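Structural characterization, general
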Amino acid sequence: MNRITPTAIDDLKWDLRQRLKLLECTALLNGWVRTQALTESFGISRAQASKDFAVYQALAPDNLIYNRSRKYYEPGERFAARLLSGRTSELLDVLAALPGEDRPVVALAAAGPNVELLRPLERELDLDILRVISAAASNSHRLRVDYQSMRRPHPRPIELSPHTLVYSGFRWHLRAFSHEHGEYRDFVLARMGNAEALPDRPSVPRDDDADWFENVTLRVGVHSDLAPAQQAVIAADYGMIDGERSVTVRRALLPYLLRLMQIEPEREHPDPVIQQIRLLNPEAAVKNGWS
């Protein structure tokens, strides 16, 4: 078989490499992929998309199998990601390229600006685990995983009805109904092992997850103890009007947003120079289970 080598990957043109990476990512996350993934995301013709699929299959012949009844490609049993490495930043870049109102600029000129990006330690994803979990969530299949809780010394098997993968700004977790606990909870992806889809077992739909569908509106404002000039510059930095700005979030994601913005009410720093913004309606957080 004509198998891909690191040199062959490196020889791919940049634009083709990006399209193949999206193709692989779509198959990985959804459990299937069609040519529309490329035509709609990159504005290329169906003929070009078909050529891209042919290139990918020549490079990784065991990865995709065509399902004639459903008219899409799905990962084969020996699927192994060849263009994705498992880095969180890489996956986020691919997801950012999906169609939307505010698609990012995909590349700067060769002579880029003098900019330095500071990033935290990369979160590594096990792509084999991610493929099973994401496909189960996309297709509403029940799932069994070995989960390592921080409250127990050893992992143990649990069954979940997953519905959404979430990146909280720090790490990935899975929003799912736990059949053991009888409620929807969040499960950290990095703590999962030996994932197995259970398509023949009944699953719980995400429609019953009230915390997922109910929104909470937070009012975020400049710390009132700052000097007027300091308040003005902070307000401008955050695009605030009259010193505050509202943000709406799913109730299930409320604690992650508070932590990400460092405005958790019980962890507020007493020094306004450090705690430059604060939650103006902390009762909204308390009312929705944050204390």
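Reading guide: rules and limits
Residues numbered from 1 in each chain as written. Predicted model: local features only at pLDDT ≥ 70, side-chain atom pairs only at ≥ 80, totals over all residues. Heavy atoms only, no water. Helix = DSSP H or I, 4+ residues; strand = E, 2+ residues; numbered from the N terminus. Buried < 20%, exposed > 50% of the residue type's maximum accessible area, 1.4 Å probe, protein only. Contact = heavy atoms within 4.5 Å. Areas by Shrake-Rupley, 256 points an atom, 1.4 Å probe, with all protein chains shown as cover. Lys, Arg positive; Asp, Glu negative; His and termini not counted. Charge placed at Lys NZ, Arg CZ, Asp CG, Glu CD. Pairing = 2+ DSSP bridges. Axes fitted to C-alpha atoms, helices over the stretch in contact; angles between N-to-C directions. Salt bridge = Lys/Arg side-chain N within 4 Å of Asp/Glu carboxyl O. Polar contact = N/O pair within 3.5 Å; in protein donor to acceptor, adjacent residues only side chain to side chain. Parallel < 35°, antiparallel > 145°, perpendicular 65-115°, else oblique. Nonpolar A, V, L, I, M, F, W, Y, C, P; charged D, E, K, R; others polar. Phe/Tyr/Trp six-rings, centres within 6.5 Å; stacked < 30°, edge-to-face > 60°.

Some points on the overall build of the protein
Helix and strand counts for the protein stand at 10 helices and 10 strands. Judged by the C-alpha coordinates and their principal axes, the protein covers about 70 × 55 × 35 Å. For the protein, the residues scored as buried account for 40% of the 291 residues in total. Excluding contacts between residues fewer than 6 apart, the proportion of contacts in the protein whose partners are at least 24 apart in sequence is 61%. Surface accessibility of the protein: about 17400 Å² in total, with carbon and sulfur atoms responsible for 50%. Each charge sign in the protein was given a centre, from 37 positive and 39 negative side chains, and these centres are 5 Å apart.

A few points about the sheet that holds strand S6 (residues 183-188)
The strand order across the open sheet built from 5 strands is S6-S5-S4-S3-S7, with neighbouring strands paired in antiparallel fashion. Because the sheet does not close on itself, it has two edges, and the strands there are S6 and strand S7 (192-198). Adjacent strand axes in the sheet meet at a mean angle of 45° when their direction is disregarded. In this structure, strand S3 (residues 142-147) lies alongside S7, joined through 5 bridges in antiparallel fashion. Residue pairing in the sheet places Arg-142 in a bridge with Leu-198 of S7.

What to know about the pattern of salt bridges
Oppositely charged side chains are able to pair whenever their charged atoms sit close together. Summed over all chains, the structure comprises 19 salt bridges. One salt bridge connects Arg-78 with Asp-62, and the closest N-O pair in it is separated by 3.6 Å. Of this pair, Arg-78 sits in the loop between strand S2 (72-75) and helix H5 (88-96) while Asp-62 sits in the loop between helix H4 (46-59) and strand S1 (64-67), and the two are 16 residues apart along the sequence. By relative accessible area, which is 16% here, Asp-62 ends up buried. The closest approach of N and O atoms between Arg-175 and Asp-186, which form a salt bridge, is 3.0 Å. Taken together, the residues Arg-175 in strand S5 (residues 172-178) and Asp-186 in strand S6 connect sequence positions 11 residues apart. The partly exposed category is assigned to Asp-186, whose relative accessible area is 23%. What emerges from the salt-bridge pattern is a single network uniting Arg-142, Arg-144, Glu-159, Glu-196 and Arg-201.

Looking at the side chain of His-163
Its place among the elements puts His-163 in strand S4 (residues 156-167). The buried category is assigned to His-163, whose relative accessible area is 11%. Within the local environment of His-163, its side chain forms a polar contact with the side chain of Thr-164, the two groups lying 2.7 Å apart.

What to know about the packing of helix H2 (residues 14-30) against H4
It is at 10 Å that the axes of H2 and H4 come closest, and there the two elements cross at 75°. Considering their axes alone, H2 and H4 lie roughly perpendicular with respect to each other. Facing Leu-16, Arg-19, Leu-20, Leu-23 and Glu-24 of H2, the residues of H4 in contact are Gln-48, Asp-52, Phe-53, Val-55, Tyr-56 and Leu-59. Tallied by class, the residues present in the contact of H2 with H4 amount to 7 nonpolar, 1 polar and 3 charged.

Things to note about the packing of H2 against H5
Contact pair H2 / H5: the axes reach a minimum separation of 10 Å and the direction vectors enclose 100°. When the axes of H2 and H5 are compared, the pair comes out roughly perpendicular. On H5, the residues touching Lys-21, Leu-22, Cys-25 and Leu-29 of H2 are Glu-90, Leu-91, Val-94 and Leu-95. Here the residues of the contact of H2 with H5 are counted per class, giving 6 nonpolar, no polar and 2 charged.

A look at the packing of aromatic side chains
Centre distance and the angle of the planes are the two values used to describe a pair of aromatic rings. Enumeration over the complete set of coordinates arrives at 6 aromatic pairs. Judged by centre distance (5.0 Å) and plane angle (35°), the rings of Phe-53 and Tyr-73 are tilted. Of this pair, Phe-53 sits in helix H4 while Tyr-73 sits in strand S2, placing them 20 residues apart in sequence. The class of Phe-53 is buried, set by a relative accessible area of 2%. With a relative accessible area of 18%, Tyr-73 lands in the buried category. Judged by centre distance (5.2 Å) and plane angle (50°), the rings of Tyr-167 and Trp-172 are tilted. Looking at Tyr-167, the relative accessible area reads 29%, which means it is partly exposed. Judged by relative accessible area, which is 7%, Trp-172 ranks as buried.

Quick notes on H5
Those residues of H5 that sit buried are Thr-88, Ser-89, Glu-90, Leu-91 and Val-94. Those residues of H5 that are buried lie in contact with H2, helix H6 (127-138), S4 and S5.

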